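One-letter residues, chain by chain:
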Amino acid sequence: METWAGFCPGLHLSLGIWLMVAAHTPQHTKAEITCASCPSPLQLHLEELQLGMRTEPTEEPGTLKNIRDAALRRARRSGPEFAEFSESGWAGRTGMDGAPEDRGSLLDGHRQGRSEFRWNRDEGRGNNRQDEPKLTSSTFALTGDSAHNHAVVYWSGQNSSVILILTKLYDFHIGSVTESTLWRSTDYGSTYERMNDKVGSKTVLSYLYVCPTNKRKIMVLTDPEFESSVLISSDEGASYQKYRLTFYILSLLFHPTEEDWALAYSHDQKLYSSVDFGRKWQLIHEQVTPNRFYWSVSGLDKEPDLVHMEAHTPDGNVQYVTCRAQMCTEANRNYPFPGYIDISSLVVQDDYIFIQVPTSGRATYYVSYKRDSFIQTKLPKYSLPKDLHIVSTDEKQVFAAVQEWNQNDTYNLYLSDTRGIYFTLAMENVKTTRGIGGNQMLDLYEVAGIKGMLIANKRQDNQVKTYITYNKGRDWRLLQAPTSDLDGNDIHCILPFCSLHLQLQMSENPYLSGTISTKSSVPGIIVATGNIGAELSYNNVGMFISSDAGNSWRQIFEEEHNVWFLDKGGALVAVKQPSVPTRHLWVSFDEGRQWTQHSFSSVPLFVDGVLVEAGTENQIMTFFGHFSHRSEWQLIKIDYKSIYSRKCTEEDYQTWHLHNQGEPCVMGQKQIYMKRRPGNYCMLGKDYSRMLSAESCICRAHDFECDYGYERRGDGNCRPAFWFNPSTVSRSCSQGQNYLNSTGYRKVVLNNCTKGVKEMYTARKQQCPNRPPKGLLLTTKDGKLTANLGSNVTFLVNLDEGDSLRTNIQLDFGDGTAVSYSNLSWTEEGIKHVYKSAGIFRVTALAENTLGYDTTTLFLHVTCPVEHVQLLAPFVVIRNKEVNITAVVLPSHSRTVTYFWWLGNNTEPVITLDGSISYTFPTEGMHTITVQVAAANTILQDTKTIAVKEFFKSLLLSFSPNLDEFNPDIPEWRQDVGRVIKKALLQEQLLVAVFPGVPTAAELFLLPHKNQSEGKKKSDEELEQVSDIIVSALNQNLVEFELKPGVRVIVYNTQLTLAPLVDSNPRHSSSAMLMLLSVVFLGLAVFLIYKFKRYTSFPCRGCRQTSSRIPMHEAHAPISDKMQRKQPLNCLICGCCASAVIC
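Residues numbered from 1 in each chain as written. Predicted model: local features only at pLDDT ≥ 70, side-chain atom pairs only at ≥ 80, totals over all residues. Heavy atoms only, no water.

Some thoughts on the overall build of the protein
A count of helical and extended segments in the protein gives six helices and 84 strands. The 1143 residues of the protein split such that 59% are buried. Considering only intrachain contacts with a sequence separation of at least 6, the fraction spanning at least 24 residues in the protein is 64%. With the model as given, the accessible surface of the protein reaches about 45,400 Å², and the carbon-plus-sulfur share is 50%. (Helix = DSSP H or I, 4+ residues; strand = E, 2+ residues; numbered from the N terminus. Buried < 20%, exposed > 50% of the residue type's maximum accessible area, 1.4 Å probe, protein only. Contact = heavy atoms within 4.5 Å. Areas by Shrake-Rupley, 256 points an atom, 1.4 Å probe, with all protein chains shown as cover.)

Structure (structure tokens):
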């Protein structure tokens, strides 16, 4: 879940070469939610939420910073804290004091601008005027910075004449700043002083931050590639003090009221706090999610230094944590939401806190209103969101954009009730547009200065059309196109087949005006790029303006322009899109009917940025750019005060009535505004009042929207959705109490109508009925059906219907324990239980009162990780004879382990819940068996190789006791001994298996030659002959080998058998190897050595292994044809007799 934020329309940079460079640059920026009233389109942006007055530096110029999942982002109605731009385009923030257009500027050298002519749009021609007021301009070149491609601009406003500019050379190859220059002006940008000597001539600066509550205080960060320090100024950048840092600051969040308080986020995901404006820092918390930390909200949080954050636990989970900035020890931390949340889902904004909980299925969202307990939000039952973003919360309700399961490039817009719990649909299929940096922008624009007025682009029947609403989405209509074009020719555009369509994208460069602009100080004025036709198009577009809040429109330009508001919106200034250099700007005082062209430069300028209205008491705007791509930054300061003849008086104002196609009641009010008469060349005063009066209207149907669970039908009435039961009463409604029974309607939030149909549509108070429990639901708090052994499992019991205060709740945990509660209120925090054994448990909940009962069940898997698996299988088996194969698991699990068996050459496994399986091998040869064991999040594997023959014989062997003295009981030793035995026994290939155990013992398998299995009788005779040779040699003590100088080991005959022995040591199964011996035509001999174990309990001792070798000519003893020998009992109990067969 994300929150959309952005920049105000006025904070825009007109740039010349930005598009060209940005196309080759990764995009970086931070979403800002710093104010409550910025008109804007919404941007669906790969971005994280920032709340308060956060400023985060940009990694690369002209880019937007990408984060994890897409986040919808909306421009607000006041500027961020500083401006950042580059030759290649915008790269950061802008921060001024006042209206959205307020911003810093850059200038030098003096020159007179000339008013060239006026263009009267009503007459469609330009007239030369020699008596027009002239603009005063000055130009300043930042000499020596021609190579610098990145800049940060700051103008404090508040009647301050100080402007700061930080220019940087950003090396795209190494991804860091290599040079920087700090400039300071004290005369509104007429001249600048280089400040490098004040901060250190060799110091490389990276970012500039200004305290939002005291613009005289400034922080400048050094580039961490050279040093990690902060430079602090308390005199608007005139002098600095340097303080070393032990961490690298990635972003800052200033406190909304305390000027010296700040939060800093480091490169290693640590959050720090400072209460002395960055001189000293204290660690708050480690492993904090980027951009998920917030200062307290005044009036809601008790402590002004409270910090909200999203932090990671050592086991990788995420929690919502609060603590005080300077007292954030573990003992002082609070966890407002019990349990874990999804990463990057915490949003603290205005009256609301939002989180998303991790669930195995559909996403679940919770909201806290005014710091009350978290309550699950309610979207229509089958909206099934795959993506949800908070759009805004500043009008006493929540705007949310939801991408549902069947949507790809559109979102549905939902509006909540005041508490942010119940959401209803406002518009379907709102269009999104992908920006330069890969970010997506939602085509939804909130008009500044008029509550409830929105403009949106909706996709319908493969066409995109622009709609407008005056009551927060209750009703939408198409825009009426202008009646004539710029030349006065009639335009025949008839609704609904033809209408005006607007582009609603917010500029990714904060110094461009974007495709649509409004200003709260001049409500009703809308300037936008658009086209006339059946659908939205990006070809043959022009500029359009509405002076009456979208009821009627006029075309003002045939080409795209950037348009800003001057003098608190009393005038408009326009500049062509900066694809080519320009030296002209246009100014209008009559809402775009007449435009006066002015020259601001004698040489055409590639415009990289425009700052408008940086100060509240001056009339200054600034153009900055380059005369050529290799020249220095050119800063052109323009003072447009001379174009005003005087200050406005009462006679210069007129009233304007807000309406919706003649309907005077908008949002339940008749609203009358004052605005300057078009064409009057007077300056608005700072105490200019916008709204003259607001009179409540009589309530009518259009003042009410459908309540949660209801949908508007074709006749305009709200009816219950098919999934909604209107007779459902909240379980919190107890007998003897009252509840509000919905009529299917709810009043549009912030609608001020009175009387009329209000009583008919308002929910009615009724007495709570006595009813049996129904809709009982049992879940775990984390939504999972698995739990680790010994962990605390929290069960949640929810009842859709029934009297919660008079309903008994019983919960049987399935392990022989149960609990009972007299009413449901006792279970609100969850029911905790710890399971002491692994298994699958049937958990049953029962809700019962005097009128009936309801029950529900879930099955919980309690597991613990598997530590070891050992595959037990014979080394040699008879073809077409069933053999048992067993996997021994440590520690032992009951019913919670899944076994995957790969047998023979099968490519698909056999899956069982039992640790044993029977299998018949149909063909002779060497066969591989693999088993995988899965429990909880652990998967282990073991593999064995089995020889399959028609028949075989085996011989048990033992060794002289001196062998045990040198046996370290490790696989490597057994392997080496096995090779010695192989060499002593025969120079040809030999199959030897060495087993662990004490005392040392062995078993020799005699196998027929692979080509002689068909002649069973003949092969059996040959095996008998080999047995006779071997037994005779063993009985005469002729089989021996030298372990080390002076230590010789004798091999003895113990017993003959036809059954292979299985090594069950779990630690050494992987060391088993098979070696084939071709004994002339007689066949193969398998020589296995093992030691009998003297213990039967865990932990198993290390396995041992040795082997012996006898010359072929000495092996002359008869071989017994006894049948299968059983595995030693102690190996079966231990499970540790794994084989180690050495080549």
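Focus on the pattern of salt bridges
Counting across every chain of the model gives 25 salt bridges. In this structure, the salt-bridge partner of lysine 576 is glutamate 559, at a minimum N-O distance of 3.5 Å. With lysine 576 in strand β44 (residues 571-576) and glutamate 559 in the loop between β42 (554-557) and β43 (561-566), this pair connects stretches of sequence that are 17 residues apart. What makes lysine 576 partly exposed here is its relative accessible area of 43%. Its salt-bridge partner being arginine 593, residue glutamate 591 comes within 3.5 Å of it at the nearest N-O pair. Residue classification places arginine 593 among the partly exposed positions, given a relative accessible area of 26%. Overlapping salt bridges, with partners in common, bring together Lys217, Glu259 and Asp260 in one network. (Salt bridge = Lys/Arg side-chain N within 4 Å of Asp/Glu carboxyl O.)

Some details on the nonpolar core
The nonpolar side chains of a soluble globular protein tend to be buried, and buried together. By size, the foremost hydrophobic cluster in this structure holds 26 residues, and its most contacted members are Met453, Ile455, Leu502 and Ile516. Those elements that place two or more of their residues in this core are β38 (499-502) and β40 (526-533). Apart from the residues lying within four places of it in its own chain, the contact partners of methionine 453 are Tyr445, Glu446, Val447, Ile468, Thr469, Tyr470, Ile526, Ala549 and Gly550. Ranked by size, the runner-up nonpolar core spans 22 residues in total, among them Trp564, Leu585, Phe600 and Met621. (Core = buried A, V, L, I, M, F, W, Y, C linked by side-chain atoms within 4.5 Å.)

A look at unusual backbone geometry
A cis amide bond links leucine 495 with the next residue in sequence, proline 496, at an omega value of 0°. Inspection of the secondary structure puts proline 496 in the loop between β37 (477-478) and β38. The step from leucine 890 to proline 891 runs through a cis peptide bond, and the omega angle for that step is -10°. Assignment of secondary structure puts proline 891 in the loop between β72 (882-890) and β73 (898-903). Phi at serine 344 takes a positive value of approximately 60°, unusual for a residue other than glycine. Residue serine 344 is classed as buried on the basis of its relative accessible area, which comes to 5%.

Examining the environment of aspartate 409
Mapping aspartate 409 onto the fold places it in the loop between β31 (399-404) and β32 (410-416). On a C-alpha basis, the gap between aspartate 409 and asparagine 429 in space is 8.4 Å, while along the polypeptide they are 20 residues apart.

Remarks on the packing of aromatic side chains
Going through the model one piece at a time under the given rule, you end up with 31 aromatic pairs. Relative to phenylalanine 354, the ring of tyrosine 352 lies with its centre 5.8 Å away and its plane at 20°, an arrangement referred to as stacked. Using a relative accessible area of 1% as the deciding quantity, one classes tyrosine 352 as buried. Owing to a relative accessible area of 3%, phenylalanine 354 belongs among the buried residues under this scheme. A centroid spacing of 5.4 Å and a plane angle of 40° characterise the contact between tyrosine 352 and tyrosine 369, whose relative ring orientation is tilted. In this pair, tyrosine 352 is assigned in strand β27 (residues 352-357) and tyrosine 369 in strand β28 (residues 364-369), connecting sequence segments 17 residues apart. (Phe/Tyr/Trp six-rings, centres within 6.5 Å; stacked < 30°, edge-to-face > 60°.)

Focus: empty space enclosed by the protein
Evaluation of the coordinates by the stated rule reveals nine cavities of 30 Å³ or more. For the largest cavity, the calculated volume is near 200 Å³. As for the largest cavity, its lining consists of 22 residues, of which Val522, Ile525, Gly569, Gly570 and Glu591 are closest to the centre. Elements with a minimum of two residues in the lining of the largest cavity: β44 and β53 (669-676). (1 Å grid on protein atoms, 1.4 Å probe; cavity = no way out; pocket = protein on both sides within 12 Å on 5 of 7 lines; lining within 4 Å. Points joined across faces, edges and corners; volume = space filled by probe spheres on them.)

Some details on the state of the cysteines
What the rule picks out here adds up to six disulfides. The disulfide that involves cysteine 706 links it to cysteine 718, with 2.0 Å between the sulfurs. Between cysteine 706 and cysteine 718, the S-S dihedral sits near -85°, and the bridge is therefore left-handed. Placement of cysteine 706 in strand β56 (residues 704-706) and of cysteine 718 in strand β58 (residues 718-720) is noted, with a sequence separation of 12 residues between them. Residues cysteine 706 and cysteine 718 agree in their burial class; the two are buried. (Disulfide = S-S within 2.5 Å.)

A short note on the sheet that holds strand β67 (residues 831-834)
If you walk across this open sheet you meet the three strands as β62-β64-β67, and the pairing is antiparallel. A strand with exactly one partner marks an edge of an open sheet, and here the two such strands are β62 (774-780) and β67. Averaged over all pairs of adjacent strands, the angle between their axes in this sheet comes to 25°, without regard to strand direction. With six bridges connecting them, β62 and strand β64 (residues 792-801) associate as antiparallel partners. From the neighbouring strand, threonine 780 faces β64, where its bridge partner is phenylalanine 795. (Pairing = 2+ DSSP bridges. Axes fitted to C-alpha atoms, helices over the stretch in contact; angles between N-to-C directions.)

Regarding the side chain of serine 266
Looking at the secondary structure, you find serine 266 in strand β20 (residues 262-266). The exposure class assigned to serine 266 is buried, which follows from its relative accessible area of 0%. Only 2.3 Å separates the side chain of serine 266 from the side chain of aspartate 268, close enough to count as a polar contact. Contacts of serine 266, omitting those with residues within four sequence positions, involve Phe247, Tyr248, Leu250 and Tyr272. (Polar contact = N/O pair within 3.5 Å; in protein donor to acceptor, adjacent residues only side chain to side chain.)

Observations regarding the sheet that holds strand β69 (residues 852-863)
Across the sheet, which stays open at both edges, the five strands sit in the order β63-β69-β68-β65-β66 with mixed pairing between neighbours. The open sheet terminates on both sides in strands that have one partner only, identified here as β63 (786-788) and β66 (818-821). On average, each strand axis in the sheet is tilted by 25° relative to the strand beside it, whichever way the strands run.

Overview of the confidence of the model for the protein
The predicted model of the protein averages 77 in pLDDT, with 75% of residues at 70 or higher. Within the model, the stretch residues 5-130 combines pLDDT values under 50 with 622 contacts to residues more than four positions away or in other chains. For residues 1056-1143, every residue scores under 50 in pLDDT, and the model assigns this stretch 413 contacts once sequence neighbours within four places are set aside. (pLDDT = per-residue confidence, 0-100.)

A short note on the environment of threonine 794
By the element assignment, threonine 794 lies in strand β64. Each C-alpha atom of the pair threonine 794 and glycine 830 lies 5.7 Å from the other, and the pair is 36 residues apart in sequence. With sequence-adjacent residues up to four places away left out, threonine 794 is seen in contact with Thr779, Thr780, Lys781, Glu829, Gly830, Ile831 and Lys832. For threonine 794, the side chain forms a polar contact with the side chain of lysine 832, separated by 3.4 Å.

Comments concerning the pairing of strand β68 (residues 839-849)
Along β68, the buried face is formed by Gly839, Phe841, Val843, Ala845, Ala847 and Asn849; none of Ile840, Arg842, Thr844, Leu846 and Glu848, which line the opposite face, is buried. Examined bridge by bridge, strand β65 (residues 808-812) and β68 share five bridges and lie antiparallel to one another. Directly across from asparagine 808, in β68, lies its bridge partner glutamate 848. Two elements, β68 and β69, share 11 bridges in a ladder whose sense is antiparallel.

Considerations on the side chain of aspartate 145
With respect to the helices and strands, the residue aspartate 145 is situated in the loop between β10 (136-142) and β11 (150-155). It turns out aspartate 145 is buried and unbridged, and the closest side chain with the opposite charge, arginine 194, is 4.2 Å from it. Engagement of the side chain of aspartate 145 in a polar contact is seen with the side chain of threonine 167, the distance being 2.6 Å. Residues contacting aspartate 145, with those up to four places away along its chain left out, are Thr167, Thr181, Trp183, Arg194, Glu632 and Trp633. (Lys, Arg positive; Asp, Glu negative; His and termini not counted.)

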